[in-house]
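# Reading the structure
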Amino acid sequence: MKERIRTILEDALPLADLDSDFLFAELSSLDITTIMMLLSEEYHITLDSHDVTPKNFMTLDSIVALVQSKMEA
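Counting from 1, residues in each chain are numbered in the order their sequence is written. For a predicted model such as this one, the threshold for reporting local features is a pLDDT of at least 70, and the threshold for listing and counting side-chain atom pairs is 80 or more; totals across whole chains, interfaces and linings nevertheless cover every residue. Excluding hydrogens and water, the side-chain figures rest on all heavy atoms present in the structure.

### Considering the overall build of the chain
Heads up, the condition is: Segments assigned H or I by DSSP are reported as helices when at least four residues long, segments assigned E as strands when at least two residues long, and all are numbered from the N terminus. Each radius of gyration is computed over the set of C-alpha atoms, and the globule rule expresses the reference value as 2.2 Å times the number of residues to the power 0.38. Note on exposure labels: buried denotes an accessible area under 20% of the residue type's maximum, exposed denotes more than 50%, and partly exposed covers the range between, all computed with a 1.4 Å probe on protein chains only. For this analysis, residues touch if any pair of their heavy atoms sits within 4.5 Å. To be clear on the numbers: accessible area is Shrake-Rupley with a 1.4 Å probe, and residue cover counts the displayed protein chains and nothing else.
The secondary structure content of the chain amounts to four helices and zero strands. Reading the chain from its N end, one meets helices and strands in the order α-α-α-α. The C-alpha radius of gyration computed for the chain amounts to 11 Å, which stays within 12% of the reference 11 Å derived for 73 residues, consistent with globular compactness. The principal-axis extent of the C-alpha atoms belonging to the chain is close to 30 × 25 × 20 Å. The burial tally for the chain puts 38% of its 73 residues in the buried class. Sequence separation of 24 or more characterises 55% of the internal contacts of the chain that already satisfy a separation of 6 or more. With an accessible surface of roughly 4,500 Å², the chain has 55% of that area assigned to carbon and sulfur atoms.

Structure (structure tokens):
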């Protein structure tokens, strides 16, 4: 799952450093909206404004964890 999410995000956000420990700080609101839309579509989950927290978008691993938790819910 992590590699699939990496591929999706690399295609959509080629300038983002997905290996950053502070990915959230590099993302614009448009980037975050794009991530939410793409992952919602890919994994058939619902992501909303309550999910947009620095903790959930801090690293690629935290984004993967967010998707996994939504899929399990």
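### Quick look at the packing of helix α1 (residues 2-12) against helix α4 (residues 60-72)
Spelled out, the test is: Under this scheme, a helix contributes an axis fitted over its contacting stretch, all axes are lines through C-alpha atoms, and angles between N-to-C directions fall in the 0 to 180 degree range. In what follows, roughly perpendicular refers to angles from 65 to 115 degrees, roughly parallel to angles under 35, roughly antiparallel to angles over 145, and oblique to any angle outside these ranges. Working rule for handedness: look at the near helix, and if it is turned counterclockwise from the far one by less than a right angle, call the crossing left-handed; if clockwise, right-handed. Here the term charged refers only to Asp, Glu, Lys and Arg, the term nonpolar to Ala, Val, Leu, Ile, Met, Phe, Trp, Tyr, Cys and Pro, and the term polar to all other amino acids, Gly among them.
Interaxial distance between α1 and α4 falls to 10 Å at its minimum, and their mutual angle equals 110 degrees. Relative to α4, the element α1 lies roughly perpendicular. For the pair α1 and α4, the crossing hand works out as right-handed. Across the interface between the two elements, Lys2, Ile5, Arg6 and Leu9 from α1 touch Leu60, Asp61, Ile63, Val64 and Val67 from α4. Grouping the amino acids of the contact of α1 with α4 by side-chain chemistry returns six nonpolar, no polar and three charged.

### Looking at the packing of α1 against helix α3 (residues 29-43)
Two elements in contact, α1 and α3, have axes whose closest approach is 11 Å; the angle formed by their N-to-C orientations is 135 degrees. In this view, α1 runs oblique relative to α3, as classed from their interaxial angle. Crossing of α1 against α3: the hand is right-handed. Two secondary-structure elements touch here, α1 through Arg4, Ile5, Ile8, Leu9 and Ala12 and α3 through Thr34, Ile35, Leu38, Leu39, Glu42 and Tyr43.

### Section: the pattern of salt bridges
To keep things clear, this is the line we draw: By definition, a salt bridge exists where a carboxyl oxygen of Asp or Glu is found within 4 Å of a side-chain nitrogen of Lys or Arg.
In the structure shown here, the tally under the stated rule is six salt bridges. The partner of Lys2 in a salt bridge is Asp61, with the nearest N and O atoms 2.6 Å apart. Note that Lys2 is positioned in helix α1 and Asp61 in helix α4, a separation of 59 residues in sequence. One salt bridge connects Glu10 with Arg6, and the closest N-O pair in it is separated by 3.8 Å. Remark: Arg6 and Glu10 occur in helix α1; sequence separation between them is four residues, near one turn of the helix. Residue classification places Glu10 among the partly exposed residues on the basis of a relative accessible area of 40%. Ionic contacts of the salt-bridge type, sharing partners, join the residues Glu3, Arg6, Glu10 and Asp19 into one network.

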